[in-house]
Amino acid sequence: AVDAAMSTYKPTSELSRFNALAVGATQVLSQPTADVLALALRVGATSDGAFDVTVGPLVDAWGFGPNGVQRAPDAATLAQLRAVVGATRMLHFNPETRALSKTTAGVHLDFSAIAKGYGVDRVADRLVKEGVPGFMVEVGGEVRTHGQRADKKPWRIGIEQPNPAGGGVAQVVVVQEQALATSGDYRNYREDKGVRISHTIDPRTGRPIGHGLASVSVLAKTCAEADAWATALNVLGPEAGLALADRENLAAFLLIRSKDGQFVGRRSRAWPTPP
């Protein structure tokens, strides 16, 4: 149901129908899609635009969207696309009526950095409703837990070393009645003339992130929150990301790529002590 509503790959989804909507027209969102949009807008505002669900045209332009174009946009194209990115300027949204419209042609919603986490939450909530005493739900690396394992021990999740070849576990964290999401540049990227092009696009610059932050893991009450915040902190980078995590009391663990190719871990004040 989440995929059918929020996929940008399906022309019949709510997001695809909104993306095709004309300026001035209004679409009434389903409650789930409206809830995800409201959370996305809150995270976007708190992160000063580092998280932005209107970033879709830029994601497509850099070759990481449904079209899969494998070349960097030129300066003119980049300027044109940046003119339609910015949720606070480009969207009119009424949470009470769930009515959504766009102010400019070409505005394109992309929930890729939050919908997967929300899908985990939907599965977890259903399992709780069904009375399942203990479970771990995982979709594409995003995790939420409830209760205990079958052996009555807490859920312990390994945070992977951000190495495409597989580098083992960087840290183990107990995830108890919480969700864990990780955002990084080590799975989905390409190289252009020896330069790593990350799939994570900074909505504020229109370009892929290029700092030394390799991955960010966030613990939160819901997986949608953890998913969105992990992306926002990843965009911000090691210094600004850690500062925002401490300011907002977010439990975050950052793995930073050093000049010698090794990874240095840093954690926010709210991140738990390793077991």
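Residues numbered from 1 in each chain as written. Predicted model: local features only at pLDDT ≥ 70, side-chain atom pairs only at ≥ 80, totals over all residues. Heavy atoms only, no water.

**Thoughts on the nonpolar core**
Counting 49 residues, the largest nonpolar core has Phe-111 and Ile-114 as the members making the most contacts within it. The dominant element in this core, judged by the number of residues it contributes, is helix 8 (residues 223-236), at nine residues. Aside from chain neighbours lying at most four places away, what touches Phe-111 is Met-6, Leu-15, Thr-33, Val-36, Leu-37 and Val-53. (Core = buried A, V, L, I, M, F, W, Y, C linked by side-chain atoms within 4.5 Å. Buried < 20%, exposed > 50% of the residue type's maximum accessible area, 1.4 Å probe, protein only. Helix = DSSP H or I, 4+ residues; strand = E, 2+ residues; numbered from the N terminus. Contact = heavy atoms within 4.5 Å.)

**Remarks on the packing of aromatic side chains**
Tallied over the full model, the rule gives one aromatic pair. For the pair Phe-253 and Trp-271, a centre-to-centre distance of 5.7 Å together with 25° between the ring planes defines the contact as stacked. Separated by 18 residues along the polypeptide, Phe-253 in strand 14 (residues 251-257) and Trp-271 in the segment after strand 15 (263-267) bring together distant segments of the chain. Judged by relative accessible area, which is 5%, Phe-253 ranks as buried. A cation over a ring is seen here: Lys-102 above Phe-18, with NZ or CZ 4.7 Å from the ring centre. (Phe/Tyr/Trp six-rings, centres within 6.5 Å; stacked < 30°, edge-to-face > 60°. Lys NZ or Arg CZ within 6 Å of the ring centre and 35° of its normal.)

**Notes on the pattern of salt bridges**
According to the stated counting rule, one finds eight salt bridges in the structure shown. Its salt-bridge partner being Asp-121, residue Arg-144 comes within 2.8 Å of it at the nearest N-O pair. Here the residue Arg-144 occupies a position in strand 5 (residues 142-146), and Asp-121 occupies one in helix 7 (residues 115-129), the gap between them amounting to 23 residues. The pair formed by Arg-144 and Asp-121 is uniform in burial state, with each residue classed as buried. (Salt bridge = Lys/Arg side-chain N within 4 Å of Asp/Glu carboxyl O.)

**Quick word on the layout of surface pockets**
One number sums up the size of the second largest pocket: a volume of about 230 Å³. What lines the second largest pocket is a set of 16 residues, among which Gly-49, Asp-52, Gly-86, Ala-87 and Thr-88 lie closest to the centre. When contributions to the lining of the second largest pocket are tallied by element, the ones reaching two or more residues are helix 3 (31-46) and helix 6 (87-90). Looking at which element gives the most residues to the lining of the second largest pocket, the answer is helix 3, with four residues. (1 Å grid on protein atoms, 1.4 Å probe; cavity = no way out; pocket = protein on both sides within 12 Å on 5 of 7 lines; lining within 4 Å. Points joined across faces, edges and corners; volume = space filled by probe spheres on them.)

**Notes on the packing of helix 3 against helix 8**
Interaxial distance between helix 3 and helix 8 falls to 10 Å at its minimum, and their mutual angle equals 30°. Between helix 3 and helix 8 the crossing geometry is right-handed. Side by side, helix 3 and helix 8 meet where Leu-39, Val-43 and Thr-46 of the first sit next to Ala-224, Glu-225, Ala-228, Trp-229 and Ala-232 of the second. Classifying every residue of the contact of helix 3 with helix 8 gives six nonpolar, one polar and one charged. (Axes fitted to C-alpha atoms, helices over the stretch in contact; angles between N-to-C directions. Left-handed = near helix turned anticlockwise from the far one by under 90°. Nonpolar A, V, L, I, M, F, W, Y, C, P; charged D, E, K, R; others polar.)

**As for the pairing of strand 3 (residues 99-102)**
Because side chains alternate across strand 3, one face comprises the buried residues Ala-99 and Ser-101, and the other comprises Leu-100 and Lys-102, equally buried. The sheet contact formed by strand 1 (residues 27-28) and strand 3 spans two bridges and is antiparallel. Paired with Val-28 across the two strands is Ala-99, which belongs to strand 3. In this sheet, strand 3 lies alongside strand 2 (residues 91-94) in antiparallel orientation, the contact comprising four bridges. (Pairing = 2+ DSSP bridges.)

**Quick notes on the side chain of Ser-183**
The residue Ser-183 is located in strand 8 (residues 179-184) in this model. Reaching out from Ser-183, the side chain makes a polar contact with the side chain of Asn-234 at a distance of 3.2 Å. Leaving out residues up to four positions away in the same chain, Ser-183 has contacts with Thr-200, Ala-214, Ser-215, Val-216, Ala-230, Thr-231 and Asn-234. (Polar contact = N/O pair within 3.5 Å; in protein donor to acceptor, adjacent residues only side chain to side chain.)

These figures capture arrangement, not role.
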